[in-house]
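Architecture and fold: a report
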Amino acid sequence: MNDEIARDSGSAGSQHKGWRRALIAIAIVLVLFAAYLVRRFTRNEPVVYDNIVEHYKYGSLGSEGFSPPYWVFKALPVMFPEYLPGKGYQSLGFVYEEGHDLPIGFSRRRLNGLDGVGLNCAFCHTGTVRDTPTSKPRIYVGMPAHQFDIEGYFKFLFACALDQRFTPDQMIPVMESLGADFDPIDRALYRYVVINQVRLGLLQARDRLSALILNPEVPPWGLGRVDTFNPYKALQLNYPMHEIPVNELIGPADFPQIWNQAPREGLYLHWDGNNNSVDERNLGAALGTGATPTSLDYASLDRIDKWLREFPPPKYPYPIDQALADKGEVIYHAQCSSCHDFDGKYIGTVIPLEKIGTDPYRLHNYTYDLTVNQATLYAGMPWRFTHWRKSDGYACQALDGIWARAPYLHNGSVPTLRALLELPENRPAVFYRGYDVYDQENVGFVSNVPEADGRKYFRMDRTVPGNDNGGHLYGTDLSPEEKDALIEYMKTL
Amino acid sequence: MAKNGKHGRRWIALSIVLLLLVGLVGYVLWSRLLREQPLHYEAAMDQFKYGSIGTEKDGLRVPFWIWLVLPRIFPEYLPGPGGYVSLGFAWEEGHELPIGLTKKVIGQPMVGINCALCHTATVRKDKYTKPDIYPTAPAHQFDTQGYFRFLFACASDPRFNADNILGAIAPNYDMGFIDRLLYRYILIPQTRKGLLDFKKEMSWMDDRPDWGRGRIDPFNPAKFRYLGIPVDDTIGNADNMSVWNMRPKVENGYHYHWDGLLDGPLQEVVLSSALGDSVTPDTLPLDDLKRIQDFLMDAPVPPYPYTIDQQLASAGEVVFQANCADCHAIGGARTGSVIPIDEIGTDPHRMDSWTEASVAAYNSYADEYPWSFTHFQKNEGYNATLLDGIWLRGPYLHNGSVPTLTDMLEPPANRPSVFWRGYDVYDQEKVGFVSQGEDAERYGWKLDISVPGNSNSGHLYGTDLSAEDKQALVEYLKTL
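Residues numbered from 1 in each chain as written. Chains lettered and ligands numbered in written order. Predicted model: local features only at pLDDT ≥ 70, side-chain atom pairs only at ≥ 80, totals over all residues.

1. Section: the overall build of chain B
Helices and strands together make up the secondary structure of chain B, namely 18 helices and 13 strands. Taken over the C-alpha trace, chain B has a radius of gyration of 25 Å; the compact-globule value for 480 residues is 23 Å, and the two agree within 12%. Counting only C-alpha atoms, chain B reaches 110 × 50 × 45 Å along its principal axes. Out of the 480 residues in chain B, the part that is buried amounts to 46%. Contacts in chain B between residues at least 24 apart in sequence constitute 72% of all its contacts with a sequence separation of at least 6. (Helix = DSSP H or I, 4+ residues; strand = E, 2+ residues; numbered from the N terminus. Rg over C-alpha atoms; globule rule 2.2 N^0.38 Å. Buried ≥ 20, exposed ≤ 12 C-beta atoms within 10 Å, placed from the backbone. Contact = placed C-beta atoms within 7 Å.)

2. Considerations on the overall build of chain A
On a plain count of helices and strands, chain A comes out with 17 helices and 15 strands. By its C-alpha atoms, chain A is 115 × 45 × 45 Å across when sized along the principal axes. A total of 493 residues make up chain A; the buried ones form 47% of that total. Look at the contacts in chain A between residues 6 or more apart in sequence, and 75% of them connect residues 24 or more apart.

3. Observations regarding the interface of chain A and chain B
Facing 28 residues of chain A, the contacting portion of chain B comprises 23 residues. In terms of residue class, the side of chain A that touches chain B is built from 10 nonpolar, 11 polar and seven charged. (Nonpolar A, V, L, I, M, F, W, Y, C, P; charged D, E, K, R; others polar.)

4. Considering the domain arrangement of chain A
Frequently, the measure chosen for interface size is the accessible area removed from exposure when the parts meet. In terms of domains, chain A is made up of domain 1 (2-40) and domain 2 (43-490). Measuring from the centre of the C-alpha atoms in domain 1 of chain A to the corresponding centre in domain 2 of chain A gives 61 Å. (Domains from an automatic or database assignment.)

5. Details of the sheet that holds strand β1 (residues 62-63) of chain B
All names here are of chain B. If you walk across this open sheet you meet the three strands as β1-β3-β2, and the pairing is antiparallel. The open sheet is flanked by β1 and β2 (101-106), the only strands paired with a single partner. Pairing between β2 and strand β3 (residues 108-113): six bridges, direction antiparallel. For Lys104, the partnering residue across the bridge sits in β3 and is Met110. (Pairing = 2+ DSSP bridges.)

6. Quick notes on the confidence of the model for chain B
For chain B, mean pLDDT is 95; residues scoring 70 or higher make up 99% of the total. Scored as a whole, the predicted complex attains pTM 0.94, and scored at its interfaces, ipTM 0.94. (pLDDT = per-residue confidence, 0-100.)

7. Digging into the environment of Gln261 of chain A
Residue and element names in this part refer to chain A. Along the chain, the position of Gln261 falls in the loop between β7 (253-254) and α9 (278-288). By C-beta crowding, Gln261 is classed as buried, having 22 other C-beta atoms within 10 Å. Those residues in contact with Gln261 that lie beyond four places of it in its chain are Val278, Leu308 and Arg309.

8. Remarks on the sheet that holds strand β3 (residues 114-119) of chain A
Residue and element names in this part refer to chain A. Here we have three strands laid out as an open sheet, ordered β1-β2-β3, and antiparallel in their pairing. This sheet does not close on itself; its edge strands, each paired only once, are β1 (44-46) and β3. Taken over all neighbouring pairs, the strand axes of this sheet differ in orientation by 30 degrees on average, direction set aside. As defined by bridge partners, β1 adjoins strand β2 (residues 106-111) across three bridges and the pair is classed as antiparallel. Across the sheet, Asn44 pairs through a bridge with Leu111, a residue of β2. (Axes fitted to C-alpha atoms, helices over the stretch in contact; angles between N-to-C directions.)

9. A closer look at the domain arrangement of chain B
Residue and element names in this part refer to chain B. Looking at chain B, the domain boundaries give domain 1 (1-35), domain 2 (39-117 + 144-211) and domain 3 (224-477). Between the C-alpha centres of domain 1 and domain 2 there is a distance of 38 Å. Across the boundary between the two partners, domain 1 contributes six residues, which contact seven residues of domain 2.

10. A short note on helix α18 (residues 467-477) of chain B
Buried residues of α18 of chain B: Lys470, Ala472, Leu473, Val474, Glu475, Tyr476 and Leu477 of chain B, and no others. Packing partners of the buried residues in α18 of chain B comprise α11 (310-323) and α16 (405-408) of chain B.

11. Observations concerning the environment of Phe33 of chain A
Following the sequence through the fold, Phe33 of chain A ends up in helix α2 (residues 11-42). On the basis of neighbour counts, which here come to 10 C-beta atoms within 10 Å, the residue Phe33 of chain A falls in the exposed class.

12. Looking at helix α6 (residues 177-201) of chain B
Residues and elements named next belong to chain B. With 25 residues, α6 should reach 36 Å at 1.5 Å per residue; the first-to-last C-alpha distance of 35 Å fits that figure. Maximal helix bending in α6 amounts to about 50 degrees, located at Tyr183. Leu182, Tyr183, Leu187, Ile188, Thr191, Leu195 and Phe198 are the residues of α6 that are buried. (Expected span 1.5 Å × (residues − 1). Bend = angle between axes of the 7 residues up to and from the residue.)

13. Concerning the pairing of β2 of chain A
Residues and elements named next belong to chain A. A large share of β2 lies buried, amounting to five of its six residues. Looking at chain direction, β2 and β3 are connected through six bridges and run antiparallel. Note on β3: the bridge partner recorded for Arg110 is Asp115. Connecting the antiparallel pair β2 and β3 is a turn made up of two residues, with Asn112 showing a positive phi of about 55 degrees.

14. A word on the packing of helix α6 (residues 168-177) of chain A against helix α7 (residues 184-213) of chain A
Residues and elements named next belong to chain A. One way to put it is that α6 packs onto α7 with a least axis distance of 10 Å and a crossing angle of 135 degrees. Of the possible angle classes, the one that applies to α6 and α7 is oblique. Along this stretch, α6 crosses α7, giving a crossing that reads as right-handed. Two secondary-structure elements touch here, α6 through Pro168, Met171 and Ile172 and α7 through Arg187, Tyr190, Arg191 and Ile195. Per-class residue counts for the contact of α6 with α7 are five nonpolar, no polar and two charged. (Parallel < 35°, antiparallel > 145°, perpendicular 65-115°, else oblique. Left-handed = near helix turned anticlockwise from the far one by under 90°.)

15. A few points about the packing of helix α5 (residues 162-169) of chain B against α6 of chain B
For any two helices packed against each other, one specifies the crossing angle of their axes together with the interaxial distance. Residues and elements named next belong to chain B. The interhelical angle for the contact between α5 and α6, taken along N-to-C directions, is 135 degrees, at an axis separation of 10 Å. By the angle class used here, α5 and α6 are oblique. In the crossing of α5 with α6, the sense of the turn from one axis to the other is right-handed. Contact residues: α5 offers Ala162, Ile165 and Leu166, while α6 offers Arg180, Tyr183, Arg184 and Ile188. Looking at the contact of α5 with α6 residue by residue, the class counts come to five nonpolar, no polar and two charged.

16. A look at unusual backbone geometry
Going from Ala406 of chain A to Pro407 of chain A, the amide bond is cis rather than trans, its omega being -10 degrees. Inspection of the secondary structure assignment puts Pro407 of chain A in the loop between β9 (393-395) and α16 (417-420). Residues Gly394 of chain B and Pro395 of chain B are joined by a peptide bond in cis, for which omega reads -10 degrees. Residue position: Pro395 of chain B is located in the loop between β9 (381-383) and α16. Phi is positive for Asn112 of chain A, which is not a glycine, with a value near 55 degrees. Mapped onto the elements, Asn112 of chain A comes out in the loop between β2 and β3. Exposure remark for Asn112 of chain A: the 17 C-beta atoms within 10 Å place this residue in the partly exposed category.

Have a look at this one:
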């Protein structure tokens, strides 16, 4: 070979060299392009926030694999407005701040070559309060998202996915009209892969959750409530949900507050006292955002965890009659503190169902089989779940920031503190929840407004399974003056 | 001359590199597929519940990561929602695996079975109360055949492949590039083949009545899988038994198993049971099994956890002494001995499934081993067992065809002809497990006495006592 080339001198030889150079150049370009593609598609970069409160509201937990990508998320309310209860995502009770184009509870991360959107703690644990029907809402982080329609959000996504218009041809122009600046690779990706994958993923989630949220026999969760644990059976464990008896599919519970976690270490947490590890509570909730054991951004969660341990409850924002509150404090210590104070004897312990007498559905739908299956979550990792247990009642919760945690009882069936101090038969049989205007008289949210500002509020009917407002009779036999004092004191917690 | 030297050095260098590579690959394969890590539990009870009896190498063994995701990929092959719990596994809160399943690292973490699988009961006071767990009790709620069939169905399904299985594991655990390759090309195909082979070896199960919850066919698997007995059509279905309190049985020379086919020593019972679980003679972990054997000698009998009318029970003790003690109490003339079938009159299928040929085969099975068996025998009847913990051993008779003690004291014509077994809520009224009603039907397995092997005939003792005597007797039996 060498000899032949040596013989071929002159023009023929330099032509050969020219081809070789060209080939090498092409090879280099291809390698560089491949490297570019690898980098583009393996980048995993969340949008980060130095300020911890911003991180809580908008930071990423690594749940972007479960939510539609950014441009799809933006396009859906524009393409399918009829599937929302009102105008825009706001109609679901999402909270928007000035200068942010995504609501609180949503994170952004560059993942798999796309701009992804994820959910975080703030999604279910950020509440709004308004002083009057015309005030601007005040936002409180860590507060129950009492105004939020999580079931409505899932139903919206699923309705869009079923709709025949959910196609690349229909969606790409909308995304671009909203500001998406796609290069040819993006456009090809969305056209040939992403939009169809997202649709498929939503349809699969719809299938798994249909027994819970598209089932005529299962009452709606309503604003500010979620069936805490049944979704794990459907999503993480893929139980055949339609084979579960209907009663086990019912049992929504109020979103709780998540502030002030440090003194809660060792107390039995969740409404039914099923876990006494704050870490497991947080890791379990992280799975609820759509993060998985391998996608979870542990450093990000750790930041939030550390902050929540010390983050104090918000102070009652309206005037307090301190003299009356002082009288109430005496009553509180006599009647309530043994169960509800951090130093109380029964704090964080479970009161058996027969004794507490509140609605049983939530307790019963957290089943023994789920409890033991949860011990397989995070398998292979040092933080594999080991603390879940099945209890026989509901746990005594601390009342820090209780003013902001209405409605009351685990199923949010009692609108105000004043109503809770009435006998069940005198508590409202029907009221509306999700309205964020505060009721200073009765301590809780105004609960007799079915509709306002174009938003329908959720009708709580105590005869509906899961919504019973009985039980917790403590304090119902106090005198009216005593009740006034006690309520005044509880504003200070 | 110079050229050859250069080539020679090149070859030597290449060979050395190749050898190193082969060595490295060999080491990786050995450590990730073969290296066995010891599994030891300090407490004997933990050893019983979770310790290995050597089943992680053959038969039903499944790599842990595959085991974990199978119920999530194939929920339709389980009897109902709840993952493995739907099969009646006894599962302690906070534990990664249920009782009766082991996790032993042989390269990879492998899931095997142990004694506690069929010898751990769950009992619930009512529908909403969580179960109490009783190791060494009969696993009346566990569907052994259902567990086998679940694994067989998964392995037979074309979706049992690397893409689906690794796809289900990936969000939960990052096993790394090398392990993913090993799973894709070795472990997943190997597991599939192992389960399909086992399925074939057990295909005889499909042409005879199902075992049902709480029951197995104890000896046909041994006969057909490794004793060399040609497949016959016998039906050996029998209740799982209690394994507690072995000391009085050993000291009094009682027979073991429903038909008394062994009369000792306890070691033969324990080792043959392990072999029945697919351990091979070469891999029997003799020390671990001896530890379990010692544990069972004095494993306590759980007391009846509900109320007992002590006065009524005392009256019942008199009735018991007069009518039952001869066969069922320590010191009884016939306790622990075989009652001839003509006298006892219960279903003969289980007795017939154990044959003279089986005796010969088992007694010569492991002749070259120091622990070889010599005591297997063929009897024409059923063993009169000690009634220790009888409250927890329902349903009753060897084939579990009579749901409660109250039903046992009725003549066969009055005993239920159809009921559901395996539901673990206790029936304090009739003494046994709840066997009728919507919940029993949902969670239990239907036993129909007209199906071969399920006859509830025989054991007429006590059926002609007065109603008061029967009530007192049942009350007394709660105290055993």
